[in-house]
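# Chain and residue survey
Single-letter residue listing:
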Amino acid sequence: MSETTATVPRWHAAGDWFDTCKCDVPCPCSFAQLPTHGDCDGILAWHIREGRYGDVGLDGLNVLMLASFVGNIWAEHTDTYAAIFVDERADDSQREALQMIFGGQAGGWPAEMVTMMAGEIRGMEFAPIEIEVADDLASWRAVVPGRVEASAAALTGPTTPEGARVQSTNLPGAETGPGQVATWGRSTADRADAHGFRWSREGRSSKHITFDWAGPD
């Protein structure tokens, strides 16, 4: 065990994650394939329903990321960039905990993702983050007022039973880690204007996946 890991308390965080991106539905990145256009950018949002970092409670807090890359994010890729928004409601201890977890220093699945992506962080700031996920997964939404907006409606079609969700299990490229269920949607808003990221579109791929992480193992 490294000295850094030895100083990290036991932690656990579980909740909702979703993205909106520029790929066609369904995003090939989720299947560990090249993105639709050879590169991808998008919005990633996390809502912690239940969480604790040592003695620090994390329930109800949000984190949002803007990200871009070229190539297959699960294999050979380049030009990886990101910017991170951390919930401004977090107090000092919670802010430190969120930065440790999502920065990869606290171990667990986020550490594996950070090691794999290994890109440039264009910025990190504390901001108001609004995240809503319908209980029946009919829709999901995230907003950083004036900077970022991501929303989607669950995918449906003529052969989808009423109220059922289009879902995948055991995705080869699940951003939240192994063993989760992805619910597919189509974006109704996908806009960013922050830290050098700028786009506005809709009708592209989106998915919701729960996450359940622990560390520092």
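What counts and what doesn't
- Residues numbered from 1 in each chain as written.
- Predicted model: local features only at pLDDT ≥ 70, side-chain atom pairs only at ≥ 80, totals over all residues.
- Heavy atoms only, no water.
- Buried < 20%, exposed > 50% of the residue type's maximum accessible area, 1.4 Å probe, protein only.
- Helix = DSSP H or I, 4+ residues; strand = E, 2+ residues; numbered from the N terminus.
- Pairing = 2+ DSSP bridges.
- 1 Å grid on protein atoms, 1.4 Å probe; cavity = no way out; pocket = protein on both sides within 12 Å on 5 of 7 lines; lining within 4 Å.
- Points joined across faces, edges and corners; volume = space filled by probe spheres on them.
- pLDDT = per-residue confidence, 0-100.
- Contact = heavy atoms within 4.5 Å.
- Disulfide = S-S within 2.5 Å.

### A closer look at the pairing of strand β1 (residues 11-21)
Successive residues of a regular strand alternate their side chains across the two faces of the sheet. For β1, the tally of buried residues reaches ten of eleven residues, placing the bulk of the element in the interior. In the sheet, β1 pairs with strand β2 (residues 39-53) via eleven bridges, with the strands oriented antiparallel. For W11, the partnering residue across the bridge sits in β2 and is Y53. Pairing of β1 with strand β13 (residues 205-215), which is carried by ten bridges, proceeds in the antiparallel orientation.

### Quick word on the layout of surface pockets
If you add up the space inside the largest pocket, you get close to 690 Å³. In this structure, the largest pocket is lined by 39 residues; those nearest its centre are L44, W46, M65, A82 and M117. Broken down by secondary-structure element, the contributors of at least two residues to the lining of the largest pocket are β1, β2, β4 (62-71), β5 (77-87), α2 (92-102), α3 (108-117), β6 (120-127) and β13. In terms of residue count, β2 provides more of the lining of the largest pocket than any other element does, six residues in total.

### Observations concerning the confidence of the model for the chain
Overall, the predicted model of the chain reaches an average pLDDT of 94, with 97% of residues at or above 70. Scored below 50 in pLDDT, residues 1-5 shows three contacts in the model against residues more than four places distant or in partner chains.

### Focus: the state of the cysteines
One pass over the structure, following the stated rule, counts zero disulfides. Of all cysteine sulfurs in the structure, the one in C27 sits closest to C23, which takes part in no disulfide; the separation is 3.7 Å. Judged by relative accessible area, C23 falls into the buried class, the value being 0%. The thiol of C40 is unpaired, and the distance to the nearest cysteine sulfur, on C23, comes to 3.8 Å. Residue classification places C40 among the buried residues on the basis of a relative accessible area of 5%.

### A short note on α3
Every buried residue of α3 is listed here: G108, W109, P110, A111, M113 and M117. Just downstream of α3 lies A118, where phi reads positive at about 40°.

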